[in-house]
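# Reading the structure
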Amino acid sequence: VQLQASGGGLVQAGGSLRLSCAASERTSSRYMGWFRQAPGKEREFVAAFRWSGGSTYYADSVKGRFTISRDGAKSTVYLQMNVLKPEDTAVYYCAATTSAILSAIRSRRSYDYWGQGTQVTVSS
């Protein structure tokens, strides 16, 4: 599975951005996820989407502000980010896993495929 992330940029606090992750195929992946990594910090889970059934999962820090969704016809997963805060500044990565179980989807080690990352900068 090849992943192409896009949509990052510079936005003021309180603003919105939508990230996209285009997958070359989806039939073999079970979950699609978004992670982020700020300078000097570990890569952390943001959100995940299960292709079968459409269940969604979020980190507490983004719940209520971010929404993960899909366009099944295009094998694309989106991350709509609203009410952005300076602490959301990071490189955002999309990822796919073919084998993770639900209890492990928040771990970056569960993901087999990664996109190249897109920078999100939120100014105060």
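Going by the structure above, here's the rest.
Structural notes, computed from the coordinates. These numbers were taken from a predicted model, which means no experiment stands behind them.

Moving on: the nonpolar core. Across soluble globular proteins, nonpolar side chains have a tendency to be buried as a group. Ranked by size, the top nonpolar core spans 38 residues in total, and within it Trp34, Leu79, Met81 and Tyr92 carry the most contacts. Not counting residues up to four positions away in its chain, the partners in contact with Leu79 are Leu17, Arg18, Leu19, Trp34, Val46, Ala47, Phe66, Thr67, Ile68 and Tyr92.

Next up on the list: the pairing of strand β5 (residues 44-50). Extensive coverage of β5 is indicated by the burial of five of its seven residues. Of the pairings in the sheet, the one linking strand β4 (residues 31-37) to β5 comprises six bridges and is antiparallel in character. Along β5, the bridge assignment pairs Met32 with Phe49. Between β4 and β5, which pair antiparallel one after the other, the connecting turn spans six residues, and Gly40 there sits at a positive phi close to 80 degrees.

Attention now moves to the side chain of Asp88. Secondary-structure assignment places Asp88 in the loop between β8 (76-81) and β9 (90-97). Within the local environment of Asp88, its side chain forms a polar contact with the backbone nitrogen of Lys85, the two atoms lying 2.8 Å apart. Setting aside its immediate chain neighbours within four residues, Asp88 contacts Arg36, Arg65, Phe66, Val83, Val120 and Val122.

So, about the state of the cysteines. Enumeration over the complete set of coordinates arrives at one disulfide. Here Cys21 pairs with Cys94 through a disulfide, and the sulfurs are 2.2 Å apart. Across the S-S bond linking Cys21 and Cys94, the dihedral sits near 65 degrees, which makes this disulfide right-handed. Residue Cys21 is located in strand β3 (residues 17-23), and its partner Cys94 is located in strand β9; the two are separated by 73 residues in the primary sequence. Residue classification places Cys21 among the buried residues on the basis of a relative accessible area of 0%.

Moving on, we get to the side chain of Arg65. Mapped onto the secondary structure, Arg65 falls in the loop between β6 (56-58) and β7 (66-71). A polar atom in the side chain of Arg65 sits 2.9 Å from the backbone oxygen of Ser61.

Before going further, it helps to examine the sheet that holds β7. Strand order in the open sheet made by the four strands is β1-β3-β8-β7, with antiparallel pairing throughout. Bordering the open sheet on either side are β1 (3-6) and β7, each of which pairs with just one other strand. Between one strand axis and the next, the sheet turns through 15 degrees on average, direction left out of account. For β3 and β8, the ladder comprises six bridges, and the chain directions are antiparallel. Bridge assignment links Ser20 to a residue of β8, and that residue is Tyr78.

Applying the stated rule across the entire model yields five salt bridges. Residues Arg108 and Glu42 are paired through a salt bridge, measuring 3.2 Å at the closest nitrogen-oxygen approach. With Arg108 in the loop between β9 and β10 (113-114) and Glu42 in the loop between β4 and β5, this pair connects stretches of sequence that are 66 residues apart. With a shortest N-O distance of 2.8 Å, Asp88 and Arg65 are connected by a salt bridge. Residue Asp88 is found in the loop between β8 and β9, and its partner Arg65 is found in the loop between β6 and β7; the two are separated by 23 residues along the sequence.

The rules behind each value
Residues numbered from 1 in each chain as written. Predicted model: local features only at pLDDT ≥ 70, side-chain atom pairs only at ≥ 80, totals over all residues. Heavy atoms only, no water. Core = buried A, V, L, I, M, F, W, Y, C linked by side-chain atoms within 4.5 Å. Buried < 20%, exposed > 50% of the residue type's maximum accessible area, 1.4 Å probe, protein only. Contact = heavy atoms within 4.5 Å. Helix = DSSP H or I, 4+ residues; strand = E, 2+ residues; numbered from the N terminus. Pairing = 2+ DSSP bridges. Polar contact = N/O pair within 3.5 Å; in protein donor to acceptor, adjacent residues only side chain to side chain. Disulfide = S-S within 2.5 Å. Axes fitted to C-alpha atoms, helices over the stretch in contact; angles between N-to-C directions. Salt bridge = Lys/Arg side-chain N within 4 Å of Asp/Glu carboxyl O.

Purely spatial values, then, with no claim about function.
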